[in-house]
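Working through the structure, step by step
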Number of protein chains: 2
Amino acid sequence: MNDIISLMKEHRSIRSYAPDPVTDEQLTAILSAAQAASTSSNIQAYSVIGVRGEEKRRRLAELTGHQKHVEQAPLFLVWCADLNRLQSAVGGAMETEEPEFELPSNMEAFIMATVDCALAAQNAAIAAESLALGVVYIGGIRNRPQEVSELLQLPKLVYPVFGMCVGTPTQAPDVRPRLPLPVVYHEEAYSEAGFKEGIEAYDAVMAEYYAQRTGGGRASVWSTEMAARFRLKNLRPHMRDFLLSQGFRLD
Amino acid sequence: MNDIISLMKEHRSIRSYAPDPVTDEQLTAILSAAQAASTSSNIQAYSVIGVRGEEKRRRLAELTGHQKHVEQAPLFLVWCADLNRLQSAVGGAMETEEPEFELPSNMEAFIMATVDCALAAQNAAIAAESLALGVVYIGGIRNRPQEVSELLQLPKLVYPVFGMCVGTPTQAPDVRPRLPLPVVYHEEAYSEAGFKEGIEAYDAVMAEYYAQRTGGGRASVWSTEMAARFRLKNLRPHMRDFLLSQGFRLD
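The structure presented is a predicted model; accordingly, all values stated were derived computationally and were not measured.

Another aspect to go through is the overall build of chain A. In terms of regular secondary structure, chain A is built from 11 helices and 5 strands. Taken along its principal axes, the extent of the C-alpha atoms in chain A is 65 × 45 × 40 Å. Relative to its 251 residues, chain A shows a buried fraction of 59%. Taking the intrachain contacts of chain A between residues at least 6 apart in sequence as the baseline, contacts between residues at least 24 apart amount to 79%. Accessible area for chain A stands at about 9,600 Å²; split by element, carbon and sulfur atoms hold 51% of it. Of note, chain A has its 24 positive side-chain charges centred 8 Å away from the centre of its 31 negative side-chain charges.

And the structure:
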């Protein structure tokens with residue numbers, strides 16, 4: 001164990017921020033850490049939109065499910081998978097000019113761009129936390145991705161993967177427990193042995209966690225929360241059509 | 001700037017390893033850092049397969065395009081997006097028992113699991129580097145994903161997103177330069193202004209980088225490398241069919 005691992009293990013999502021701005025120096029440090037992350041064959045298939053303007057943050061808060069911290073945080077980063085820049089770079093680079101060459105935006109390219117984006121974002125999150133800032137990922141950016149794309153003028157072959165609030169925390173929530181390691185880590189091959197016991201043990205831990213966080217008001221366990229999430233609604237059923245309309249072929 | 005950001009900015013992929021094993025203590029530290037990463041609504045939709053066995057590493061080296069470091073590194077982690085464990089947890093958790101309930105494995109769930117996997121892996125990569133170990137991501141795990149899945153006994157609703165070699169480095173390659181920040185970071189809205197100049201500037205930097213790494217033997221630039229990569233072959237065209245066969249609906 002060391003300071004870096006300790007910092008990562010102290011991660012908690014922050015949903016309440018002071019108005020203090022994230023300075024340009026901090027932002028540059030965060031983004032340079034992001035750029036240093038691994039990228040598939042150096043394709044660097046992601047872009048980041050930084051939103052500081054109040055009006056736009058307010059609109060993004062609406063579009064992400066009325067999350068007040070999206071409006072409150074002084075900086076909102078929208079992390080996008082981006083095949084558009086590659087398309088620009090590749091369009092004119094070969095000796096045989098083929099201006100209509102289309103980058104194959106198949107499932108593989110979609111995965112590469114999505115993963116590139118996530119790796120960079122996670123470096124940014126850690127960099128921000130190392131600067132005593134707080135962050136929270138906002139998957140709600142995919143609630144209304146068409147309107148987000150229009151607001152941020154995203155071209156074809158770019159999609160918003162998640163948002164990220166960044167700012168000075170005004171809360172210090174408990175670190176949320178995770179599944180027991182043997183349920184997540186498998187030696188030599190995938191094994192479901194121990195799944196049932198591991199999930200039951202985690203449910204017991206989470207029952208206490210939920211009760212503590214709500215002063216005893218909320219009785220639930222992890223598997224019930226997950227069931228509610230996945231059984232009661234079809235999560236963002238528009239994503240495939242949205243991606244196709246953004247020019248991703250996904251074939 | 002601080003030690004943590006410096007460490008991230010020092011990242012370089014390691015493709016040559018000493019035989020020294022990664023200790024259980026190191027592995028536990030790496031995996032606990034991974035688990036601390038953000039996860040979409042705490043779904044924790046990923047699994048990690050750790051491969052130390054020589055015979056299996058040799059086979060994985062073959063399956064990932066004969067990458068010798070996959071065989072050489074003492075530890076190979078296969079990072080998987082995993083909706084199977086959620087399916088197990090959700091299958092029996094509601095009061096109304098519906099044993100045939102199928103987790104909706106649409107594009108949205110696919111994105112959530114893939115992103116969860118990548119965020120955890122990037123924490124692991126940084127944790128490993130903080131322990132003076134080296135890593136390299138192996139996208140080649142998607143070259144022959146069906147065979148990888150059989151070898152690692154991956155059930156339906158689990159797919160290998162990437163591999164990761166971990167071990168003690170026996171090389172110290174230069175840090176690879178990245179695109180100029182203004183090409184990647186956009187203020188308030190996406191803008192292609194400056195793309196052309198930024199890519200040209202990066203091509204010039206990379207020309208020098210390639211020449212240095214090869215003792216002047218390789219004349220290339222980034223956009224040419226990207227063109228070669230995307231124009232000359234259709235990248236992993238099997239991925240969509242593979243994912244469908246793994247039980248992902250992707251609708």
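Let's shift gears to the sheet that holds strand β1 (residues 46-51) of chain B. Read across the sheet, 5 strands follow the order β5(A)-β1(B)-β2(B)-β4(B)-β3(B) without closing on themselves; strand pairing throughout is mixed. The open sheet has two edge strands with one neighbour each: β5 (185-187) of chain A together with β3 (134-138) of chain B. When strand polarity is set aside, the average angle formed by the axes of neighbouring strands in this sheet is 25°.

The next thing to look at is the interface of chain B and chain A. If you look at the interface, chain B gives 112 residues, while chain A gives 112 residues. When the two sides are added together, the surface that chain B and chain A hide from each other amounts to roughly 9,900 Å², 62% of it contributed by carbon and sulfur. The three residues of chain B that bury the most area against chain A are Glu188(B), Tyr190(B) and Arg231(B), which together make up 9% of that side's buried surface. For the pair chain B and chain A, the interface holds 4 salt bridges. The salt bridge involving Glu108(B) is made with Arg142(A); its shortest N-O contact spans 2.8 Å. Here chain B is connected to chain A by 64 residue pairs in polar contact (both at pLDDT 80 or more). Considering every element that reaches the side of chain B that touches chain A, the biggest residue donor is helix α6 (residues 107-130) of chain B, with 14 residues. Of the residues that constitute the side of chain B that touches chain A, the class distribution is 66 nonpolar, 28 polar and 18 charged.

Let us now look at the nonpolar core. Generally speaking, nonpolar side chains in soluble globular proteins are found buried as a group. Core analysis: the biggest nonpolar cluster contains 163 residues, and Trp79(A) and Trp79(B) have the highest contact counts within it. Grouped together as the second largest cluster of nonpolar side chains are 23 residues, Phe76(B), Val78(B), Val148(B) and Val158(B) included.

Among the structural elements, Ser149(B) can be located in helix α7 (residues 145-151). Contact partners of Ser149(B), with chain neighbours within four places excluded, come to Leu154(B), Pro160(B), Phe242(B) and Gln246(B).

One pass over the structure, following the stated rule, counts 26 salt bridges over all chains. The salt bridge partner of Arg249(B) is Asp251(B), with a shortest N-O separation of 2.9 Å. A relative accessible area of 35% means that Arg249(B) is categorised as partly exposed. Overlapping salt bridges bring together Glu54(A), Glu55(A), Arg58(A) and Glu71(A) as one network.

Turning our attention to the relation of the copies chain B and chain A. Its rotation angle being 180°, the transformation that places chain B on chain A also includes 0.0 Å of axial translation and leaves an RMSD of 0.0 Å. Taken together, the rotation and translation relating the two chain copies correspond to the operation of a two-fold axis. Mapped onto chain A, 100% of the interface residues of chain B again fall at the interface, so both copies present the same surface.

Summed over all chains, the structure comprises 14 aromatic pairs over all chains. A network of ring pairs unites the aromatic residues Phe110(A), Tyr159(A) and Phe248(A) as a single cluster.

In this section: the pairing of strand β1 (residues 46-51) of chain A. Successive side chains on a regular strand alternate, one facing one side of the sheet and the next facing the other. Residues and elements named next belong to chain A. Burial analysis of β1 places 6 of its 6 residues in the buried class, the great majority of the element. Residues of β1 alternate between two faces, with Tyr46, Val48 and Gly50 on one and Ser47, Ile49 and Val51 on the opposite face, all of them buried. Sheet topology note: the β1/strand β2 (residues 75-82) ladder contains 6 bridges and is antiparallel. Considered in β2, the bridge of Val48 is made with Trp79.

Judged by how many residues are buried, helix α5 (residues 84-91) of chain B sits mostly within the fold: 7 of 8 residues are covered. Among the residues of α5(B), Asn84(B), Arg85(B), Leu86(B), Gln87(B), Ala89(B), Val90(B) and Gly91(B) are the ones counted as buried. Here the buried face of α5(B) lies against α8 (181-184), α9 (195-213) and α10 (222-231) of chain A together with β1, β2 (75-82) and β4 (158-167) of chain B.

All names here are of chain A. Direction vectors running N to C along α9 and α10 enclose 90°, while the axes themselves pass 7 Å from each other. As judged from the angle between their axes, α9 and α10 are roughly perpendicular. Facing Ile199, Tyr202, Asp203, Met206 and Tyr210 of α9, the residues of α10 in contact are Trp222, Ser223 and Glu225. Across the contact of α9 with α10, the residue classes break down as 5 nonpolar, 1 polar and 2 charged.

This next bit is on α9(A). Along an α-helix, a turn takes 3.6 residues, which lines up residues three or four apart on a common side. The terminal C-alpha atoms of α9(A), which comprises 19 residues, lie 26 Å apart, in line with the 27 Å expected from a rise of 1.5 Å per residue. For α9(A), the elements touching its buried residues are α8, β5 and α10 of chain A together with α5 of chain B.

The rules behind each value
- Residues numbered from 1 in each chain as written.
- Chains lettered and ligands numbered in written order.
- Predicted model: local features only at pLDDT ≥ 70, side-chain atom pairs only at ≥ 80, totals over all residues.
- Heavy atoms only, no water.
- Helix = DSSP H or I, 4+ residues; strand = E, 2+ residues; numbered from the N terminus.
- Buried < 20%, exposed > 50% of the residue type's maximum accessible area, 1.4 Å probe, protein only.
- Contact = heavy atoms within 4.5 Å.
- Areas by Shrake-Rupley, 256 points an atom, 1.4 Å probe, with all protein chains shown as cover.
- Lys, Arg positive; Asp, Glu negative; His and termini not counted.
- Charge placed at Lys NZ, Arg CZ, Asp CG, Glu CD.
- Pairing = 2+ DSSP bridges.
- Axes fitted to C-alpha atoms, helices over the stretch in contact; angles between N-to-C directions.
- Buried area = accessible area lost by both parts, 1.4 Å probe.
- Salt bridge = Lys/Arg side-chain N within 4 Å of Asp/Glu carboxyl O.
- Polar contact = N/O pair within 3.5 Å; in protein donor to acceptor, adjacent residues only side chain to side chain.
- Nonpolar A, V, L, I, M, F, W, Y, C, P; charged D, E, K, R; others polar.
- Core = buried A, V, L, I, M, F, W, Y, C linked by side-chain atoms within 4.5 Å.
- Least-squares fit on C-alpha atoms with pLDDT ≥ 70 in both.
- Phe/Tyr/Trp six-rings, centres within 6.5 Å; stacked < 30°, edge-to-face > 60°.
- Parallel < 35°, antiparallel > 145°, perpendicular 65-115°, else oblique.
- Expected span 1.5 Å × (residues − 1).

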